[in-house]
Amino acid sequence: MKVYMPGREWPEHYRAVLEELANITDPVTGGDILDSGVVAGLEVGEDTLKVWLNFESHAEYNITGASAIAYSKIIGDIIERFALVKFQNVYVYDLKNNPVGVFENKRGYTIEDISTERV
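Presented here is an overview of the structure given in this document. (Residues numbered from 1 in each chain as written. Predicted model: local features only at pLDDT ≥ 70, side-chain atom pairs only at ≥ 80, totals over all residues. Heavy atoms only, no water.)

**A word on the nonpolar core**
Ranked by size, the top nonpolar core spans 27 residues in total, and within it Leu-21, Leu-42, Leu-53 and Ile-78 carry the most contacts. For this core, the elements supplying multiple residues, two or more each, are α1 (12–21), β2 (39–44), β3 (48–53), α3 (65–82) and β4 (89–93). Per-element tally for this core: the top contributor is α3, with six residues. (Core = buried A, V, L, I, M, F, W, Y, C linked by side-chain atoms within 4.5 Å. Buried < 20%, exposed > 50% of the residue type's maximum accessible area, 1.4 Å probe, protein only. Helix = DSSP H or I, 4+ residues; strand = E, 2+ residues; numbered from the N terminus.)

Following this line, the structure appears as structure tokens:
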């Protein structure tokens, strides 16, 4: 995992992911998830993306407060923007390395298989 820092020099394949992450809004601050400090780190592979978010998940967190809803939306937005579109596997983790969002393309689907034109 590479720790996210705004001024860091990133390899090309990371920059494309960061540009897309910058388009995801943090519902709490209204800014993007990079500027608001939600993204703690990331790992970009050929067909796998792993993103660590700057929060800890536990039972109390999951049942109380608007923050849980905000993080759920962020997790969903990350998976929606990257799963099948750019990566075959997308994993989102909390700071304790617990998976909080997982997409694994075990059956080999393509983006055309789930295109909205077919729905």
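Next comes the rest of the account.
**Things to note about the side chain of Asp-26**
Position of Asp-26 among the secondary structure elements: in the loop between α1 and β2. Comment: no salt bridge for buried Asp-26; closest opposite-charge side chain is Lys-73, at 9.6 Å. Within polar-contact distance, the side chain of Asp-26 engages the side chain of Thr-29 at 3.3 Å. Those residues within four positions of Asp-26 in sequence are excluded, and the remaining contacts are Gly-31, Asp-32, Ile-33, Ser-36, Val-38 and Ile-74. (Lys, Arg positive; Asp, Glu negative; His and termini not counted. Salt bridge = Lys/Arg side-chain N within 4 Å of Asp/Glu carboxyl O. Polar contact = N/O pair within 3.5 Å; in protein donor to acceptor, adjacent residues only side chain to side chain. Contact = heavy atoms within 4.5 Å.)

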